Amino acid sequence: MTIVSTVIIQASRFRLNVIRIPFAKRLLIPCRKCANTLPAPRKGAVKSIVFSLSRAAFAAFAWLSPRYIQIMSYVLHYAPDNASLVVRLVLEELRLPYRTELVDRSIGAQHSKAYKNVNPVGRIPALETPDGPIFETAAICLWLADRHRDAAQLSPGANDPKRGPFLSWLFFLSNTVHAEMRSLFYPSLLVGPDPTTQFAVSSRIQNSLSVHLDLLDARDGNTLGNFSICDLYLAVLLRWPALYPVAADRQWFDLSRWPNLQALAQKVEARDSARAAAKAEGLGPTPFSNPQPATPPEGSAL
Ligand SMILES: N[C@@H](CCC(=O)N[C@@H](CS)C(=O)NCC(=O)O)C(=O)O
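None of the values given here were measured: they were computed from a predicted structure. (Residues numbered from 1 in each chain as written. Predicted model: local features only at pLDDT ≥ 70, side-chain atom pairs only at ≥ 80, totals over all residues.)

(A) Spatial organisation of the pairing of strand β4 (residues 132–135). Bridge analysis of strand β3 (residues 126–129) against β4 gives 4 bridges, and the strand direction is antiparallel. If you follow Thr 129 over to β4, its bridge partner there is Gly 132. Taking the residues that link successive antiparallel strands as the turn, the β3-β4 hairpin has 2 residues. (Pairing = 2+ DSSP bridges. Helix = DSSP H or I, 4+ residues; strand = E, 2+ residues; numbered from the N terminus.)

(B) Representation of helix α10 (residues 229–239) in the model. Extensive coverage of α10 is indicated by the burial of 11 of its 11 residues. Among the residues making up α10, those that are buried are Ile 229, Cys 230, Asp 231, Leu 232, Tyr 233, Leu 234, Ala 235, Val 236, Leu 237, Leu 238 and Arg 239. Structurally, α10 contributes buried residues whose contacts are with α4 (84–93), α6 (137–147), α7 (163–185), α9 (195–218) and α11 (259–269). (Buried ≥ 20, exposed ≤ 12 C-beta atoms within 10 Å, placed from the backbone. Contact = placed C-beta atoms within 7 Å.)

(C) Examining the sheet that holds β4 more closely. Spatially, β2-β1-β3-β4 is the arrangement adopted by the 4 strands of the open sheet, whose pairing is mixed. Strands with a single pairing partner mark the edges of an open sheet, and in this sheet they are β2 (99–102) and β4. Each adjacent strand pair in this sheet contributes to an overall mean axis angle of 25 degrees, direction not counted. When strand β1 (residues 75–78) meets β2, the two strands line up parallel, connected through 4 bridges. Along β2, the bridge assignment pairs Val 75 with Arg 99. Across the sheet, α4 touches β1 and β3, and the angle it forms with β1 is around 150 degrees. (Axes fitted to C-alpha atoms, helices over the stretch in contact; angles between N-to-C directions.)

(D) Highlighting the site of the ligand. Lining the immediate surroundings of the ligand are Asn 82, Ala 83, Gln 110, Arg 123, Ile 124, Glu 136, Thr 137, Ser 174, His 178 and Arg 182. For the shell around the ligand, the leading source of residues is α7, giving 3 residues. Here the shell around the ligand is composed, by residue class, of 2 nonpolar, 5 polar and 3 charged. (Near = placed C-beta within 6 Å. Nonpolar A, V, L, I, M, F, W, Y, C, P; charged D, E, K, R; others polar.)

(E) Molecular detail of the pairing of β1. Where the polypeptide runs from β1 across α4 and back to β2, its parallel neighbour, the crossover connection is right-handed. One ladder, built from 3 bridges, connects β1 with β3; its direction is antiparallel. Its bridge partner being in β3, Val 75 is matched across the sheet by Glu 128. (Right-handed = clockwise from strand over helix to strand, strands pointing away.)

(F) Quick peek at the confidence of the model for the protein chain. For the protein chain, the mean per-residue pLDDT works out to 84, and 77% of the residues sit at or above 70. This model gives residues 1–41 a pLDDT under 50, and the stretch forms 48 contacts once residues within four places in sequence are excluded. (pLDDT = per-residue confidence, 0-100.)

(G) Layout of unusual backbone geometry. A cis amide bond links Ile 124 with the next residue in sequence, Pro 125, at an omega value of 20 degrees. Examined against the element boundaries, Pro 125 turns out to sit in the loop between α5 (113–116) and β3. For the peptide bond that leads from Tyr 244 to Pro 245, omega is -5 degrees, which places it in the cis range. A positive phi angle, near 60 degrees, is found at Asp 81, a position not held by glycine. Among the structural elements, Asp 81 can be located in the loop between β1 and α4.

(H) Representation of the packing of α10 against α11. At their nearest, the axes of α10 and α11 sit 9 Å apart, and the two run at 110 degrees to each other. With respect to α11, the element α10 is oriented roughly perpendicular. Contacts between α10 and α11 involve Asp 231, Leu 232, Leu 234, Ala 235 and Leu 238 from the first element and Leu 261, Leu 264, Ala 265 and Val 268 from the second. In terms of residue class, the contact of α10 with α11 is built from 8 nonpolar, no polar and 1 charged. (Parallel < 35°, antiparallel > 145°, perpendicular 65-115°, else oblique.)

What follows is the structure, encoded as structure tokens:
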């Protein structure tokens with residue numbers, strides 16, 4: 001033991017004093033101190049090695065913990081089967097650790113002062129990140145995809161020729177398709193309480209959405225690059241018109257009218273990410289191609 005300790009101490013001295021490898025230096029400074037003051041190698045050698053090892057362990061912890069803490073600090077503010085589902089799919093695709101915070105829609109928690117600290121607009125979702133909270137579904141998904149390109153490439157890179165078309169379709173999904181669906185699901189927000197006016201505006205939105213879905217069905221899949229956040233977003237947008245508004249005629253929407261979109265829905269729901277999200281939010285086995293009303297373990301969709 002004594003011989004081994006002495007060899008280690010001498011080796012440390014050599015590395016520290018002659019080669020001066022910065023990393024070794026940081027880890028072994030106590031060792032050098034001990035070694036310089038040792039009356040005999042035997043006495044402090046074990047202590048020195050233990051000290052060095054604990055310092056190494058501490059250095060490893062200090063190096064790893066900010067990364068761990070950084071990732072674990074993702075908090076998804078969600079409600080089942082809400083737009084937060086798109087973000088959950090992206091987090092799952094990227095295999096990122098995150099925790100969820102339910103926004104209780106039954107008491108209108110999205111309008112609370114506390115929630116507006118993370119989403120000033122008072123809509124779901126919001127994602128807390130080490131850089132602060134982010135809101136708007138597309139913004140969150142794009143931020144995650146760009147930040148974690150090492151985990152999976154869910155967005156073409158900034159210099160990829162497919163970046164432009166990808167952004168165009170992403171913004172189209174968010175600004176046009178999603179926004180029009182929102183008006184279809186909550187017509188009163190647009191035209192007030194009169195049912196006749198609501199019916200008229202809903203019919204117009206249904207026609208408009210049908211045209212958008214025709215376009216999306218006919219789009220050249222290659223323009224979007226490989227599988228991307230657009231596919232995840234679109235799959236969720238294909239789910240909702242089959243279920244909402246609950247008390248309205250939804251005959252206009254029949255996914256078999258758009259075979260490429262139907263295939264996309266089936267492709268997405270077969271992925272591990274979709275299975276995990278469906279389990280977490282009670283969405284059933286075919287959440288996108290043949291959606292059933294959500295039966296979530298907590299919270300409510302509306
Ligand atoms: N543009 C927003 C729309 C989000 C949105 O409409 N969220 C709905 C749930 S799917 C919501 O918060 N509804 C409750 C409300 O508006 O009070 C986004 O993409 O994040």
